[in-house]
Amino acid sequence: MLLVLVLTTACSVSYKFTGASIDYNKTKTIQIADFPIRATYVWGPMAPMFNTMLKDKFESQTRLQQVKRDGDLKIEGEITQYQQRNKSVSADGYSNQVELIMTVNVRFTNNKNHDEDFERQFTANTTYESTQSLNSVQERLVDEMCQSLCDQIFNATVSNW
């Protein structure tokens, strides 16, 4: 029993798991276009924040080289929705939670396997207390939604789960 305990504590296994399943022998480059805002309501820093996060996600979790054109993989689209709405109402009839919603439309092209091409919408949402102003929580909430959207896009494009 002591021998088993010593062996299991002496051995360690390390895994690096990013979720990407890419054949780097065939797929070497990715082209990620900046997503413009096409939503009715606009918060200025949202597009640069999203675009930077999306590019950073692929930079840090894949070995794909980012190129300006003719990428083996191509991701483009636009931010189509950014809105808030009352989520719940208190007993006195006033809103006590507000939901913030962000939607992006994504066109993905796999120039090595066009069977994987798609155009799809991804949505993220979060809530905040109506006692807070949107201006006071907006940056943090948009950051959370951008991270969620980037994860969804990453999983849909390069993870075959």
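For the structure itself, look to the data block above.
Residues numbered from 1 in each chain as written. Predicted model: local features only at pLDDT ≥ 70, side-chain atom pairs only at ≥ 80, totals over all residues. Heavy atoms only, no water.

Below, the discussion takes up unusual backbone geometry. Glycine aside, the phi torsion of most residues is negative, and most peptide linkages are trans. At aspartate 70, a position not held by glycine, the phi torsion is positive, near 60 degrees. On the secondary structure map, aspartate 70 appears in the loop between strand 2 (65-66) and strand 3 (73-89). (Helix = DSSP H or I, 4+ residues; strand = E, 2+ residues; numbered from the N terminus.)

This brings us to the environment of asparagine 51. Residue position: asparagine 51 is located in helix 2 (residues 46-61). With 99 residues separating them along the chain, asparagine 51 and cysteine 150 place their C-alpha atoms 9.2 Å apart. Every residue in contact with asparagine 51, bar those within four places of it in the chain, is listed here: Ala33, Asp34 and Phe35. (Contact = heavy atoms within 4.5 Å.)

This brings us to the packing of aromatic side chains. This structure, assessed with the given rule, holds five aromatic pairs. With a centroid separation of 5.1 Å and an interplanar angle of 65 degrees, the aromatic rings of phenylalanine 35 and phenylalanine 50 are classed as edge-to-face. Placement of phenylalanine 35 in the loop between strand 1 (29-32) and helix 2 and of phenylalanine 50 in helix 2 is noted, with a sequence separation of 15 residues between them. By the burial criterion, phenylalanine 35 is buried, and phenylalanine 50 matches it. Each ring, one from phenylalanine 58 and one from phenylalanine 154, has its centre 5.1 Å from the other, and the planes form 55 degrees; the classification is tilted. Taken together, the residues phenylalanine 58 in helix 2 and phenylalanine 154 in helix 3 (residues 134-158) connect sequence positions 96 residues apart. There is no split in this pair, since phenylalanine 58 and phenylalanine 154 are both buried. An aromatic cluster is built from Phe108, Phe118 and Phe122, whose rings are joined through pairwise contacts. Of note, arginine 120 hangs over the ring of phenylalanine 118, and the distance from its end group to the ring centre comes to 4.1 Å. (Phe/Tyr/Trp six-rings, centres within 6.5 Å; stacked < 30°, edge-to-face > 60°. Buried < 20%, exposed > 50% of the residue type's maximum accessible area, 1.4 Å probe, protein only. Lys NZ or Arg CZ within 6 Å of the ring centre and 35° of its normal.)

This next bit is on the sheet that holds strand 2. Strand order in the open sheet made by the five strands is 2-1-3-4-5, with mixed pairing throughout. Each edge of the open sheet is held by one strand with a lone partner, namely strand 2 and strand 5 (118-129). Note: strand 3 against strand 4 (residues 95-110), 15 bridges, orientation antiparallel. Note on strand 4: the bridge partner recorded for asparagine 86 is valine 98. Strands strand 1, strand 2, strand 3 and strand 4 of the sheet are contacted by helix 2, whose axis makes an angle of about 125 degrees with strand 3. (Pairing = 2+ DSSP bridges. Axes fitted to C-alpha atoms, helices over the stretch in contact; angles between N-to-C directions.)

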